[in-house]
Every structure is written in structure tokens, then in C-alpha cells.
Amino acid sequence: METVILFPAIDLKNGQCVRLEQGDMARATVFNLNPAAQAQSFAAQGFEYLHVVDLDGAFAGKPVNAGAVEAMLKTIKIPVQLGGGIRDLATVEAWLDKGITRVIIGTAAVRDPELVKSAAKTFPGRVAIGLDARDGKVAVEGWAETSQVTVLEIAKRFEDAGVAAIIFTDIARDGLLKGLNLEATIALADAISIPVIASGGLASIEDVKAMLTPRAKKLAGAIAGRALYDGRLDPAAALTLIRDARRS
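Residues numbered from 1 in each chain as written. Predicted model: local features only at pLDDT ≥ 70, side-chain atom pairs only at ≥ 80, totals over all residues. Heavy atoms only, no water.

### Some points on the pattern of salt bridges
Keep this limit in mind: Any Lys or Arg side-chain nitrogen found within 4 Å of a carboxyl oxygen on Asp or Glu counts as a salt bridge. Per the convention used, a helix needs a DSSP run of H or I reaching at least four residues, while a strand needs a run of E reaching at least two, with both numbered from the N terminus. We call a residue buried when its accessible area falls under 20% of the maximum for its residue type, exposed when it is over 50%, and partly exposed in between, using a 1.4 Å probe and counting protein chains only.
Tallying each qualifying case throughout the model produces 10 salt bridges. Its salt-bridge partner being Lys 98, residue Glu 70 comes within 2.7 Å of it at the nearest N-O pair. Of this pair, Glu 70 sits in helix α3 (residues 66–75) while Lys 98 sits in helix α4 (residues 89–98), and the two are 28 residues apart along the sequence. Across the pair Arg 247 and Asp 244 runs a salt bridge, and its minimum N-O distance is 2.9 Å. One end of the pair is Arg 247 and the other is Asp 244, both in helix α11 (residues 235–247) and three residues apart, which spans about a single turn. Owing to a relative accessible area of 63%, Arg 247 belongs among the exposed residues under this scheme.

In C-alpha cells:
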């Protein structure tokens, strides 16, 4: 359990901190006009690692909310993983140079697997893959398109590439507080050697407890979004659970 991390999520749209429902840009709720202040709040609550997505970047295929990300990096000391619009090696390198701890490659993992392999080899331990599934198939281009390949097929391509983690999101649950899809996430984690982070639908402390059970022992963590913003998940209680699990 020593590696389990609960990542608070900041999704960026138009420079603001939002949450989407099922990845739909038209169903966005603005939670904070100041992403750097939100990042600072999460750090003050005791979170150890921040998960950030440039939603506009995911659609544009290049970074769009760079100013907001850079403001966060100046504000907090905890590590940050960033996804959205990272489609070439130059962008990977630029973000790592600016202080991002780990970049997340999503669409390019499907369209350009050699980029992932090259980036993971060039920057060991600093490249993760974001695999977002709709009915078991991987969605790309900010979830606007669904490919014909399964999550497991994509994941297996990178088995020996040195990828730091796979962030697996169930789009059907994302932003809807329906609970994590632990069945599918655990099945993926059990089928590959790459650490897997659960994402999409985390609703309450019960999801955190489930993530810490023996059957989920291969999971590297989970991402919490709307449940934190809505107050359904108490950060102190969740982080205490994780700390206690690490000790035992």
C-alpha cells in the first residue's frame, strides 16, 4: 500500500477550474476562477500529488491553458502530473522543463505509440498514459472520438516501454459520482505490469476504502474530482485512511 496516492483533480477550461460530466465540454461546472488558489488549497489539505488536465488542450491538440498551469507550479511545492494536448516530444520536454513532474499522454498513445516509447525512454519515470474508455474502447481527441481498440490492447503495447503509470478513466462515470469502476480497473491492473490509477466517478469515502482492499492491491491510486469540490469526500478522512493503510 505504500504507493497508493489519492490525486485531487484540477481540470482547466478557459483558464478556470471546472468539472465536466462524462467528458462533455457543454456540461461544465465552474468550481474556481483561480486554479492556482485551488491547487494551493489541495496542497494545504495534505494531498501529496496533483492531477491536472488542460481540457481545451486535449481538443486543440496543443497546450492552451499554459498560463494557469504555470501559475500553479509557482504556487505549490507538491508534484504535478499534467495531461491534455501533449502530442509531441517537444511539448513533453517543455512541460518537464517548466516543473511538471509527470506528463500524461492520451490521444497520442493511440495514434502515435512511438512517441510514448521515445518519451518514456528519454524521460524515465516521467511519462504516464491516459486511457479513457467508453464501453471498453479507448476514446481520443478530448473524448470526442472513440477508437476501435480496447484499453488492454493499448496498455499491452507499452508493457516494456518504461511507462510510469496508466490512468484509466471510465467515461460513463466521470463527473457523475457513481463510484469508481473498480472491476474494470482491477482487471486491467492484474493483466499488466504497469501501475494503474483509477479515475472517473469517485463518489465517497467508500471508494477510498474499496481501493485499499486486498483485491485492489495492484492499484497505484485514484483521482478525485467532483466529490472533493461538492464536499462529499472529506480530504482529511480519506488521507488518514491511506496513511493508516500504508503503515499496516
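### Focus: unusual backbone geometry
Despite not being glycine, Asn 14 shows a phi value in the positive range, around 55°. For Asn 14, the location among the structural elements is in the loop between β1 (5–13) and β2 (16–21).

### Regarding the nonpolar core
Note the cut-off: The criterion is simple. A nonpolar core is a set of buried Ala, Val, Leu, Ile, Met, Phe, Trp, Tyr and Cys residues joined through side-chain atoms within 4.5 Å. Only heavy atoms matter for contacts: two residues are in contact if any of them lie within 4.5 Å across the pair.
If you look at the biggest cluster of nonpolar residues, it comprises 76 residues, and the most contacted ones within it are Leu 6, Ile 10, Leu 50, Val 52, Ile 105, Phe 158 and Leu 233. Apart from the residues lying within four places of it in its own chain, the contact partners of Leu 233 are Leu 6, Leu 202, Ser 204, Ile 205, Val 208, Ala 224, Ala 227, Leu 228 and Ala 238. Residues Phe 7, Ala 9, Ala 220 and Ile 223 belong to the second largest nonpolar core, which totals 11 residues.

### Focus: the packing of aromatic side chains
Note the following rule: Each Phe, Tyr or Trp ring (for Trp, its six-membered ring) is paired with any other whose centre lies within 6.5 Å, and the angle between the two planes then decides the class: stacked below 30 degrees, edge-to-face above 60, tilted in between. Any Lys NZ or Arg CZ found within 6 Å of a ring centre and within 35 degrees of that ring's normal is scored as a charge over the ring.
Counted under the stated rule, the structure contains four aromatic pairs. For the ring pair Phe 42 and Phe 47, a centre distance of 5.7 Å and an interplane angle of 85° mean the geometry is edge-to-face. One Lys or Arg, Lys 98, reaches over the ring of Trp 95 and ends 5.1 Å from the middle of that ring.

### A look at helix α8 (residues 182–191)
We apply this condition: Think of the arc as the fan of directions from the helix axis to the C-beta atoms.
Within α8, burial applies to Leu 182, Thr 185, Ile 186, Leu 188 and Ala 189. The arc enclosing the buried residues of α8, seen along the axis, measures out at 160°, which places them on a common side. The elements touched by buried residues of α8 are α7 (151–157), β10 (165–170), β11 (196–199), α9 (205–211) and β12 (219–224).

### Focus: the environment of Leu 89
In this structure, Leu 89 sits in helix α4. Along the backbone, Leu 89 and Ile 166 are 77 residues apart, and their C-alpha atoms lie at a distance of 18 Å. What Leu 89 contacts, discounting residues up to four positions off in sequence, is Leu 115, Ser 118, Ala 119 and Phe 123.

### Some words on the environment of Ser 199
With respect to the helices and strands, the residue Ser 199 is situated in strand β11. For Ser 199, a relative accessible area of 10% corresponds to the buried category. Along the backbone, Ser 199 and Gly 179 are 20 residues apart, and their C-alpha atoms lie at a distance of 9.6 Å. Excluding its chain neighbours within four sequence positions, the residues that come into contact with Ser 199 are Ile 167, Phe 168, Thr 169, Asp 170, Leu 180 and Ile 223.

### Focus on helix α6 (residues 113–122)
Listed as buried for α6 are Leu 115, Val 116, Ala 119 and Ala 120. Taken around the axis of α6, the buried residues stretch over an arc of 125°, which confines them to a single face. Those residues of α6 that are exposed and angled more than 90 degrees off the buried face are Glu 114 and Lys 121.

### Points about the packing of helix α1 (residues 35–44) against α3
Convention followed: Here the axes come from fitting lines to C-alpha atoms, over the contacting stretch only for helices, and the angles between their N-to-C directions go from 0 to 180 degrees. Each crossing gets its hand from how the near helix is turned against the far one by less than a right angle, where anticlockwise is left-handed and clockwise is right-handed.
With their axes 8 Å apart at the nearest point, α1 and α3 run at an angle of 35° to one another. Here the hand of the crossing between α1 and α3 comes out right-handed. Residues Pro 35, Ala 36, Ala 39 and Gln 40 of α1 form the contact with α3, whose own contacting residues are Ala 68, Ala 71, Met 72 and Thr 75.

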